[in-house]
Amino acid sequence: MNTIENFDHILLFKTNINCEGDKQLLHTLLDTNADIKCWSVDMEDTDCVLRIVSYTLSHPQIIELLNNHGYYCCELT
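Residues numbered from 1 in each chain as written. Predicted model: local features only at pLDDT ≥ 70, side-chain atom pairs only at ≥ 80, totals over all residues. Heavy atoms only, no water.

Take the nonpolar core next. Counting 17 residues, the largest nonpolar core has Leu 30, Ile 52 and Leu 66 as the members making the most contacts within it. For this core, the secondary structure elements donating two or more residues are strand 1 (10–15), helix 1 (20–31), strand 2 (38–42), strand 3 (49–53) and helix 2 (59–68). (Core = buried A, V, L, I, M, F, W, Y, C linked by side-chain atoms within 4.5 Å. Buried < 20%, exposed > 50% of the residue type's maximum accessible area, 1.4 Å probe, protein only. Helix = DSSP H or I, 4+ residues; strand = E, 2+ residues; numbered from the N terminus.)

Right under this line is the structure:
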């Protein structure tokens, strides 16, 4: 029997995080959030993709968090 893994806990976003300074600020913002298991940002991708692993947070919650700190962030579908 094949099992299908559920990837609902992996949240993907298009952002404007495109330099090391932005990434360092994100460390302060995201590393202190116990609901975020891990995160990464691909600054070489055109969409500056932010990938967050969380079992409790939703896309709108992350978008609000980043928008409140001056970043552009929208769900990547």
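On we go from here.
So, on to helix 1. Working note: α-helix, 3.6 residues per turn, so residues spaced by three or four point in the same direction. In this model helix 1 runs 16 Å from its N-terminal to its C-terminal C-alpha over 12 residues, within 8% of the 16 Å that 1.5 Å per residue would give. All buried positions along helix 1 are accounted for by Asp 22, Leu 26, Leu 29 and Leu 30. Buried positions in helix 1, seen along its axis, are confined to an arc of 80° and lie on one side of it. Contacts made by the buried residues of helix 1 are with strand 2, strand 3 and helix 2. (Expected span 1.5 Å × (residues − 1). Arc of directions from axis to C-beta. Contact = heavy atoms within 4.5 Å.)

With antiparallel pairing, the four strands of this open sheet are ordered in space as 2-3-1-4. Every interior strand has two partners, whereas the edge strands, strand 2 and strand 4 (73–75), have only one. The mean inter-strand angle of the sheet, taken between neighbouring strand axes irrespective of direction, is 25°. Sheet topology note: the strand 1/strand 4 ladder contains three bridges and is antiparallel. Bridge pairing in strand 4 places Phe 13 opposite Glu 75. Sitting on the sheet, helix 1 touches strand 2 and strand 3, and the angle it makes with strand 2 is about 160°. (Pairing = 2+ DSSP bridges. Axes fitted to C-alpha atoms, helices over the stretch in contact; angles between N-to-C directions.)

Tracing the sequence through the fold places Ser 54 in the loop between strand 3 and helix 2. Residue class for Ser 54 comes out buried when judged on its relative accessible area of 2%. There is a polar contact of 2.7 Å between the side chain of Ser 54 and the backbone oxygen of Asp 35. Engagement of the side chain of Ser 54 in a polar contact is seen with the backbone nitrogen of Thr 56, the distance being 3.3 Å. (Polar contact = N/O pair within 3.5 Å; in protein donor to acceptor, adjacent residues only side chain to side chain.)

Here we take up the environment of Thr 46. Mapped onto the secondary structure, Thr 46 falls in the loop between strand 2 and strand 3. Residue Thr 46 is classed as exposed on the basis of its relative accessible area, which comes to 76%. Sequence-wise, Thr 46 and Leu 25 are 21 residues apart; in three dimensions their C-alpha atoms are separated by 20 Å.

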